[in-house]
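Examining the three-dimensional arrangement
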Amino acid sequence: MMSCTPSHSSRPFYFGSNFKMHKTTAEVRAFVAFLKETAAVYPGVQLFILPPFTTLGGLVDIPRPANVWIGAQDMHWADSGAYTGAISAPMLRDVGADLVMVGHAERRVLFYDTDQDLNKKILNALRHDLRVLLCVGETAEQRGYGTTEETLATQLRIDLHGFDPRALDRLMIAYEPVWAIGEGSQEATPAEIEPAVQFIRGRLVALFGEAGQTIPILYGGSVNAQNCMPYIHSTSVDGLFVGRAAWQPEGFLSVLKAALSARQTVTS
Ligand code: 13P
């Protein structure tokens, strides 16, 4: 296979999948083998997957290149304690996780994670040298009332409270509007996404100064091989965060290829 790097930008392109509550260890191991091949073909792309907790320990023995990250879908804010069912940052480090996602809409909505909880999780993840993928996004109701910006501003301000600017290279943001995620949701248009992404960028700069320009902002929510090209052409996102469409290697690759070909035409 030919090596192919996106030509138009020195910023890496980020591309990952959240497997949610899907896949056995054997399935994820096979996926990691596929990811390693893909990473060699696209060295300028930072790939990542977020498989279920139960599979992470079964991946430790697979060496992986620097442009493949494996992460967890959530963590608790304490290192240990009486928190039945929870997983901590030291446990994630123990199984070799590179990153942890916090604040996914399904965690916020179904498991009542508050911004204050997320802030504690993020600060503890940093203490344990994990990278953090923070998901933010408004519900349909918040968008309907015209409070998208207030929602995003509050999430970013509380979730990132006390974030050490020296650790900014370990932070990624995913803009995932709740109404655009998962089965039966509504696909967002670039015209709906871009103002929110610009707003997030502005808040990051307000919080961290010029360093806020360097934080990758990904888009997620019903992304697939058919709709991803306009997202790349007409928004300023640094990457894509995919669910259903990238759960199988073939799907992962076809969304990635479509996104990269769109990226190459943006500035060529
Ligand atoms: P879908 O791509 O299946 O809508 O899921 C997106 C998501 O939740 C990524 O975290």
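Summary of the structure given here. (Residues numbered from 1 in each chain as written. Predicted model: local features only at pLDDT ≥ 70, side-chain atom pairs only at ≥ 80, totals over all residues. Heavy atoms only, no water.)

1. Considerations on the packing of aromatic side chains
- Evaluated as defined, the whole model comprises eleven aromatic pairs.
- Measuring from ring centre to ring centre gives 5.3 Å for Phe-31 and Phe-34, while their planes differ by 85°; the resulting arrangement is edge-to-face. Taken together, the positions of Phe-31 and Phe-34, both in helix H1 (residues 25-41) and three residues apart, correspond to about one turn of that helix.
- Owing to a relative accessible area of 1%, Phe-31 belongs among the buried residues under this scheme.
- On the basis of relative accessible area, Phe-34 is assigned to the buried category, the value being 13%.
- Taken together, a centroid distance of 5.7 Å and an interplanar angle of 90° make the contact between Phe-34 and Phe-252 edge-to-face. Of this pair, Phe-34 sits in helix H1 while Phe-252 is found in helix H10 (residues 249-267), placing the two residues 218 residues apart along the sequence.
- Counting every residue linked through ring pairs, the aromatic cluster contains Phe-15, Phe-19, Phe-31, Phe-34 and Phe-252. (Phe/Tyr/Trp six-rings, centres within 6.5 Å; stacked < 30°, edge-to-face > 60°. Helix = DSSP H or I, 4+ residues; strand = E, 2+ residues; numbered from the N terminus. Buried < 20%, exposed > 50% of the residue type's maximum accessible area, 1.4 Å probe, protein only.)

2. Looking at the sheet that holds strand S5 (residues 131-136)
- With parallel pairing, eight strands are arranged side by side around a closed barrel as S1-S2-S3-S4-S5-S6-S7-S8. Taking each pair of neighbouring strands and ignoring which way they run, the sheet shows an average axis angle of 25°.
- Here helix H8 (residues 190-208) sits on the sheet and contacts S5, strand S6 (171-175) and strand S7 (217-220); the angle it forms with S6, its principal contact strand, is near 150°. (Pairing = 2+ DSSP bridges. Axes fitted to C-alpha atoms, helices over the stretch in contact; angles between N-to-C directions. Contact = heavy atoms within 4.5 Å.)

3. Section: the pattern of salt bridges
- Under the counting rule described, the total for this entry stands at 14 salt bridges.
- Ionic pairing is found between Asp-129 and Arg-170, a salt bridge with its closest N-O pair at 3.6 Å. In this pair, Asp-129 is assigned in the loop between helix H5 (115-127) and S5 and Arg-170 in the loop between helix H7 (148-159) and S6, connecting sequence segments 41 residues apart.
- Across the salt bridge formed by Arg-201 and Asp-238, the nearest N and O atoms sit 3.1 Å from each other. Placement of the pair is Arg-201 in helix H8 and Asp-238 in the loop between helix H9 (228-234) and strand S8 (239-242), with a sequence separation of 37 residues. Per residue, the accessibility class of Arg-201 equals that of Asp-238, and both read buried.
- Among the ionic contacts, a cluster of salt bridges with common partners joins Asp-74, Arg-107, Asp-113 and Lys-121. (Salt bridge = Lys/Arg side-chain N within 4 Å of Asp/Glu carboxyl O.)

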